[in-house]
Amino acid sequence: MLARTLQGDPPGDKERLRVLAVGNPAVGNPAYELPFTEQEVVSIGRDYEDVTALTGQEANEDRVTAEMGRFDLIHIGAHGRFEPDNPLFSTLVLAPGQEDGLLHLYEVTG
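The structure presented is a predicted model; accordingly, all values stated were derived computationally and were not measured. (Residues numbered from 1 in each chain as written. Predicted model: local features only at pLDDT ≥ 70, side-chain atom pairs only at ≥ 80, totals over all residues. Heavy atoms only, no water.)

1. What about a nonpolar patch on the surface?
Step number 1: Residues Leu-88, Phe-89 and Tyr-106 make up a contiguous nonpolar surface patch of roughly 290 Å² in combined accessible area.
Step number 2: The residue Leu-88 is located in the loop between β4 (79–81) and β5 (91–93) in this model.
Step number 3: We classify Leu-88 as partly exposed; its relative accessible area is 40%. (Patch = residues over 30% accessible without salt bridge, like charges linked within 9 Å, V, L, I, M, F, W, Y side chains within 5 Å. Areas by Shrake-Rupley, 256 points an atom, 1.4 Å probe, with all protein chains shown as cover. Salt bridge = Lys/Arg side-chain N within 4 Å of Asp/Glu carboxyl O. Helix = DSSP H or I, 4+ residues; strand = E, 2+ residues; numbered from the N terminus. Buried < 20%, exposed > 50% of the residue type's maximum accessible area, 1.4 Å probe, protein only.)

Right, here's the structure in full:
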């Protein structure tokens, strides 16, 4: 995954890439708000034409995992938790839905 990130944008026209942009998930605690990530999500639309933006309650684990396979690029502006003893259990903190809102690395690899 890191190697793909370091290569830059996937091959093809930027205008044709489908982008999922997630920012400022509503996690239920004001201390975890990331209002500038909403601006990031909006600004991505300046570089790409086909952007699906999820913020607040829409930025929940259920929706992100259900839709991520449809996109060429995924940008997530959220808090994370690193688990040094088992990195696959590291998480991104998204809004809860039917799931708890903790998107584990093992859930999106492979």
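From this point on, the discussion continues.
2. Description of the nonpolar core
The nonpolar side chains of a soluble globular protein tend to be buried with one another.
Step number 1: Formed by Leu-20, Val-22, Leu-54, Ala-59, Val-64, Met-68, Phe-71, Leu-94 and Leu-103, the largest nonpolar core amounts to nine residues.
Step number 2: If we ignore the near neighbours within four places in the chain, the residues touching Met-68 are Leu-20, Ile-74, Leu-103 and Val-108.
Step number 3: With six residues, the next largest nonpolar core counts Leu-17, Ala-21, Val-41 and Ile-44 among its residues. (Core = buried A, V, L, I, M, F, W, Y, C linked by side-chain atoms within 4.5 Å. Contact = heavy atoms within 4.5 Å.)

3. Comments concerning helix α2 (residues 35–44)
Step number 1: For α2, the set of buried residues is Thr-37, Val-41 and Ile-44. Take α2 and look down its axis: the buried residues cluster within an arc of 65 degrees, on one side only. When the buried face of α2 is taken as reference, the exposed residues oriented beyond 90 degrees from it are Phe-36, Gln-39 and Val-42.
Step number 2: The elements touched by buried residues of α2 are β1 (18–25), β2 (50–56) and β3 (73–77). (Arc of directions from axis to C-beta.)

4. Let's talk about the sheet that holds β5
Step number 1: The strand order β4-β5-β6 describes an open sheet built from three strands, whose pairing is antiparallel. With one partner strand each, in any of the chains shown, β4 and β6 (102–104) form the two edges of the open sheet. The average angle at which neighbouring strand axes cross in this sheet is 30 degrees, direction not considered.
Step number 2: The sheet contact formed by β4 and β5 spans three bridges and is antiparallel. Residue pairing for β5: His-79 is matched across the bridge by Val-93. (Pairing = 2+ DSSP bridges. Axes fitted to C-alpha atoms, helices over the stretch in contact; angles between N-to-C directions.)

5. Focus on the pattern of salt bridges
Step number 1: Counted by the stated rule, this structure contains four salt bridges.
Step number 2: The partner of Arg-63 in a salt bridge is Glu-58, and the shortest N-O contact between them spans 3.8 Å.
Step number 3: The shortest N-O distance in the salt bridge between Glu-67 and Arg-63 comes to 2.7 Å. In this pair, Glu-67 and Arg-63 both sit in helix α3 (residues 61–67), four residues apart, roughly one turn of the helix.
Step number 4: Connected through salt bridges with shared partners, the residues Glu-58, Arg-63, Glu-67 and Arg-70 form a single ionic network.

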